[in-house]
Amino acid sequence: MARLIIGAMVRALGAYPSGWRYPGAHRDPRGDAGVLRLTARLAERARLDHLFFGDWLSTGPELAHRDPYLLARIDPLSAVAHLAAVTERIGLVATVDSSYADPYSVARATASIDLLSGGRVGLNLVTTADARAAGNHGLDAERVHPSRYERAVEFETVLKRLWDSFDDGAIVADASTGDFLDPEGVHEARFRGTHLRVDGALNAVRPVQGHPPIIRSGASPASRLIAARSADLALVAADDLAHAVAVREELRALAFESGRDDRTLKVIAPVLPIVAETRAGAQAIADELSELVRLVEDWPDGPPSGFPAERSLASLSPLVGVDLQGVSPDLAVTPAIAAQFGQAGQQLVEIVAERTGRTPAGLRPPTLRHLVVAAAVTAPIIVGTADDVATEFEAWGEAGAVDGFNVLSAVQPSQFEAFTSLVAPELQRRGLLPRAYEGTTLREHLGLGRPDSVHSALGALHG
């Protein structure tokens, strides 16, 4: 089987809502720099393809309960620029929101980091309609939302024109003749769109990769269409293997219909493995993480403002088909109680059993809290040994569901250390991950060629 693309989606406080509460976990954003450097060293030692930094352009107290990692985080472009100096081969992907960013500044920053890193930067382009993000940028969300996808397309077009401002041979630097520049090798962007206007040229030489790889990670039909037409990599969340197969086939079909070689579009999925030397050990970690998730019912007088309503017995009741009002979230789900559940409730019991080892008839039956967490924490989770995780990865790859994965860590740094020390060697043993880097740039890690300058194509079109 062909090797998989394996990256790490970096969340310094961990990707599980209660991950920061786990014993020994990193829990103070003021120390994120050290965690990021450790993550980069571990990932590069394991020969992962890239580190992926998401973003969120607003904050509020409710995020401390919903997604603590979003509350305060390092700017992605700053993170990859910093890590470029302490790594040598691993790719570094930063997220930029095209709804608010300035394309000239982004083109300059990414071209510069690509040069400084030797061709290892990638760009995850997203759009958002978050009202607070719009307000933080002095904009009205009602005006941003309708046009954000049109602006996203223009943004990518402008980036490529700016990255290609200098031909690869434009800098002559011939000391014998005194010729430093071939002026015919410099091109202005000259872009006039509905939402963007850029004159150009960019005051940076062409990136080492020509164009840093562009990733798209939206789930809407419009986002998928944009990804299919022009992205190098599509990050798509999938509920299960069958869903992943269907999404990948849809993206490839859209890519083919757009006129591109659909094989050049790589599709990866986020995944959250909880790993230990033994399956029981991994289940014990998942069990404790579940018990550390707070629910609405943990506050006798009501939860803090903005607390996620889905983390409650009130949300669980319609799923299991039983009225749980006034019941303790830590009530054990015995066989008699489980027998009252409908189909969805039975499925939650099975999920909890797979993840934590707890069964209604066992010595340690699950509690209602475990069922609430299984329903509310929707990340795709694999709990088990290195063999368990690698087998699941291999099955998805063989089924044509994905070209690879972005790995989330429930707890930092311990779970990322477990993945790199246990799972990565098993993936290498199976030929799913290389034992040594085979290229020097992120494009080479992803199996992508270096693109021609867009100005050459434009010149041929108008020639």
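These numbers were taken from a predicted model, which means no experiment stands behind them. (Residues numbered from 1 in each chain as written. Predicted model: local features only at pLDDT ≥ 70, side-chain atom pairs only at ≥ 80, totals over all residues. Heavy atoms only, no water.)

Once that is clear, we can look at the packing of aromatic side chains. Counted according to the given criterion, the structure contains four aromatic pairs. Aromatic side chains Trp-299 and Phe-307 sit 5.0 Å apart centroid to centroid with 65 degrees between the ring planes, which places their arrangement in the edge-to-face category. Aromatic pair Phe-393 and Phe-405: ring centres 4.1 Å apart, planes at 15 degrees, arrangement stacked. Of this pair, Phe-393 sits in helix 14 (residues 386-398) while Phe-405 sits in strand 13 (residues 404-407), and the two are 12 residues apart along the sequence. Residue Phe-405 is classed as buried on the basis of its relative accessible area of 3%. These aromatic residues form a ring-pair network of at least three members: Phe-393, Trp-396, Phe-405 and Phe-419. (Phe/Tyr/Trp six-rings, centres within 6.5 Å; stacked < 30°, edge-to-face > 60°. Helix = DSSP H or I, 4+ residues; strand = E, 2+ residues; numbered from the N terminus. Buried < 20%, exposed > 50% of the residue type's maximum accessible area, 1.4 Å probe, protein only.)

So, about empty space enclosed by the protein. Across all of its chains, the model carries five cavities of 30 Å³ or more by this definition. Approximately 140 Å³ is the volume found for the largest cavity. Lining the largest cavity are 13 residues, with Val-10, Ala-12, Asp-32, Arg-73 and Ile-74 positioned closest to its centre. Looking at the lining of the largest cavity residue by residue, the classes come out as nine nonpolar, one polar and three charged. In terms of lining, the second largest cavity is formed by 13 residues, of which the most central are Tyr-16, Ala-286, Ser-290, Arg-355 and Thr-356. Mapped by element, the contributors of at least two residues to the lining of the second largest cavity are helix 9 (279-291), helix 12 (343-356), helix 13 (368-376) and strand 12 (381-384). With four residues, helix 12 is the largest single contributor of residues to the lining of the second largest cavity. (1 Å grid on protein atoms, 1.4 Å probe; cavity = no way out; pocket = protein on both sides within 12 Å on 5 of 7 lines; lining within 4 Å. Points joined across faces, edges and corners; volume = space filled by probe spheres on them. Nonpolar A, V, L, I, M, F, W, Y, C, P; charged D, E, K, R; others polar.)

Estimated volume of the second largest pocket: approximately 390 Å³. For the second largest pocket, the lining is made up of 22 residues, of which Glu-156, Lys-160, His-211, Ser-230 and Val-454 are closest to its centre. Within the residue set of the lining of the second largest pocket, elements represented by two or more residues are helix 6 (141-163), strand 9 (214-216), helix 7 (221-230) and helix 17 (454-462).

Our focus in this paragraph is the UniProt feature "domain: Luciferase-like" (unreviewed entry) in the chain. In this numbering, the UniProt entry assigns the feature "domain: Luciferase-like" (unreviewed entry) to residues 37-401. End C-alpha atoms of residues 37-401 are separated by 32 Å, and the span's content is 42% helix alongside 13% strand. (UniProt positions renumbered as here; feature names shortened; annotations may be inferred.)

Attention now moves to the pattern of salt bridges. According to the stated counting rule, one finds 27 salt bridges in the structure shown. With a closest N to O distance of 4.0 Å, Glu-438 and Arg-3 form a salt bridge. Here Glu-438, found in the loop between helix 15 (414-429) and helix 16 (442-445), pairs with Arg-3, found in the segment before strand 1 (5-9); they are 435 residues apart in sequence, far enough to count as distant. Classification of Arg-3 as partly exposed rests on a relative accessible area of 25%. Between Arg-224 and Glu-250 there is a salt bridge whose closest N-O contact spans 3.3 Å. Of the two residues, Arg-224 sits in helix 7 while Glu-250 sits in helix 8 (residues 241-257), which places them 26 residues apart along the sequence. (Salt bridge = Lys/Arg side-chain N within 4 Å of Asp/Glu carboxyl O.)

Among the secondary structure elements, Leu-57 is positioned in the loop between strand 2 (50-53) and helix 2 (63-66). Placed 79 residues apart in sequence, Leu-57 and Asn-136 show a C-alpha to C-alpha distance of 7.8 Å. Beyond its immediate stretch of four places on either side in the chain, Leu-57 contacts Asp-97, Tyr-100, Ala-133, Asn-136 and His-137. (Contact = heavy atoms within 4.5 Å.)

Here we take up the pairing of strand 4 (residues 121-126). Of all six residues in strand 4, five are buried; the element is thus mostly enclosed. Where strand 3 (residues 91-97) lies against strand 4, six bridges are found, and the strand directions are parallel. In the strand pairing of strand 4, Ala-94 is matched with Leu-123. Handedness of the crossover is the feature at issue here: the chain leaves strand 3, passes through helix 4 (residues 103-117), returns alongside strand 4, and the resulting connection is right-handed. (Pairing = 2+ DSSP bridges. Right-handed = clockwise from strand over helix to strand, strands pointing away.)

Now for the pairing of strand 12. Here strand 12 shows two buried faces, one formed by Ile-381 and Val-383 and the other by Ile-382 and Gly-384. Both strand 11 (residues 266-275) and strand 12 contribute to a ladder of four bridges, which runs parallel. Paired with Leu-272 across the strands is Ile-381, a residue of strand 12.

With that settled, the discussion passes to the side chain of Thr-356. With respect to the helices and strands, Thr-356 occurs in helix 12. Overall, the relative accessible area of 8% leaves Thr-356 in the buried class. A polar side-chain atom of Thr-356 sits 2.7 Å from the main-chain carbonyl oxygen of Val-352. In terms of polar contacts, Thr-356 uses its side chain to reach the backbone amide nitrogen of Arg-358, at 3.2 Å. Setting aside chain neighbours within four positions, we find Thr-356 in contact with Gln-283, Ala-286, Asp-287, Ser-290 and His-370. (Polar contact = N/O pair within 3.5 Å; in protein donor to acceptor, adjacent residues only side chain to side chain.)

Time to look at the domain arrangement of the chain. In terms of domain boundaries, the chain breaks down into domain 1 (5-276 + 380-461) and domain 2 (294-376). Its C-alpha centre places domain 1 at a distance of 36 Å from the equivalent point of domain 2. At the interface, eight residues of domain 1 touch nine residues of domain 2. Summing the contributions of domain 1 and of domain 2, the shared interface buries around 720 Å²; its carbon and sulfur component is 58%. In terms of surface lost to domain 2, no three residues of domain 1 exceed His-65, Ile-381 and Val-383, which account for 56% of the buried area on that side. (Domains from an automatic or database assignment. Buried area = accessible area lost by both parts, 1.4 Å probe.)

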